[in-house]
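Each chain, letter by letter, is given below.
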Amino acid sequence: MLARLLCREGHELGRLRVRTLMRRMGVEALYRKPNTSRRNAKHKIWPHLLRGLKIERANQVWALDTTYIPMARGFVYLTAVVDWARRKVLTHRVAITLGAVHAVDALEEAFSRYGLPGIVNADQGSQFTAGTFTEAVLGRGIRLSMDGKGCWRDNVFVERVWRSIKYERSWLVPKSDRRLQAAHTQPASQPFPGTPFTFLIRLRPSIKARKGASMLRHIVMWKLKETAEGADRAENAQKLKATLETCRSIVQGQGHFEVGIGLGLPASTFDVVLVSDFDDSAALDSYQNHPKHVAIKAFVGAVTEGRQCVDYEV
């Protein structure tokens, strides 16, 4: 194709001559190289659960995939967790090896930050069929789905993320050998600064799957007693925060979960605040009736003298 374009511009060059010149200049076409979806014949393949499924809320389906990021010499592997409904990259990991541990690390971080999804979908790569990965998913009561063999459309939203990263960034500006050496000296589960994938979190904003889709935000604020349970207000604030943290990611449909302690400024009315998101009121009810949540009520009641709560759609 390039030879024909040059001929139209008056340069009489054949295909072989163009290839020779491209080699001398270090120019090559953009195309896929390492295959990161090689399956292990000994591992179980799980069925694809998304075909015909109406996905319309956050944390309903998460998708995982691994791709490669080319360097000046060699490449590294990038694994990402994407919320299917919001088209949002939740977490990611960079590694110099293709192993299940990196996918599990990314998944565990997503669990802690966003709660538990209903379904986790991945391809048939050996890193996703390994027992370490499947146990991390199934052990929490989450359904595991896998793409059909060679069916990239089954995980199309993650593939679209990879296309944006590669065509718009990494293939155009490969990193130097020093960046690759840095990957060997830093923890494999941590992204190293300055590489193309540090913009992943900002790549796509959270969007609603369709008009009308929403989440429920649950905010609770407590005013603490000056002394209670043998401790002062500051100590009980720390204890209350640690106690509330035990209720993170305990039910499906529970998303963002954050506990904060007030700075004690004169204008402050409350000492501790909890902000959490849920897919719907049913998920909030499950959270409030969960044994872990019920178990902390006695301590919360003993150390607090006031409480305010508000729930609203976002």
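See the structure printed just above.
Everything numeric in this text was worked out from a predicted model, so none of it was measured.

## Structural notes on the pattern of salt bridges
A complete count under the given rule lists 10 salt bridges for this structure. Its salt-bridge partner being Arg 86, residue Asp 83 comes within 3.4 Å of it at the nearest N-O pair. Judged by relative accessible area, which is 0%, Asp 83 ranks as buried. Its salt-bridge partner being Arg 217, residue Asp 277 comes within 2.8 Å of it at the nearest N-O pair. With Asp 277 in strand β10 (residues 272-278) and Arg 217 in strand β6 (residues 216-224), this pair connects stretches of sequence that are 60 residues apart. Take Asp 277: its relative accessible area is 7%, and that puts it in the buried class. Using a relative accessible area of 24% as the deciding quantity, one classes Arg 217 as partly exposed. Each member of the salt-bridge network shares a partner with another, and the members are Arg 93, Glu 109 and Arg 113.

## Section: the nonpolar core
Membership of the largest hydrophobic core comes to 23 residues, with the highest contact counts inside it found for Trp 62, Leu 64, Val 81, Leu 107, Val 120, Phe 133 and Val 137. Only β1 (61-70), α3 (100-114), β4 (119-122), α5 (131-138) and β5 (143-146) provide two or more residues apiece to this core. Counting 22 residues, the second-largest nonpolar core is a separate cluster that includes Trp 222, Leu 244, Val 259 and Ala 283.

About the criteria used
- Residues numbered from 1 in each chain as written.
- Predicted model: local features only at pLDDT ≥ 70, side-chain atom pairs only at ≥ 80, totals over all residues.
- Heavy atoms only, no water.
- Salt bridge = Lys/Arg side-chain N within 4 Å of Asp/Glu carboxyl O.
- Buried < 20%, exposed > 50% of the residue type's maximum accessible area, 1.4 Å probe, protein only.
- Helix = DSSP H or I, 4+ residues; strand = E, 2+ residues; numbered from the N terminus.
- Core = buried A, V, L, I, M, F, W, Y, C linked by side-chain atoms within 4.5 Å.

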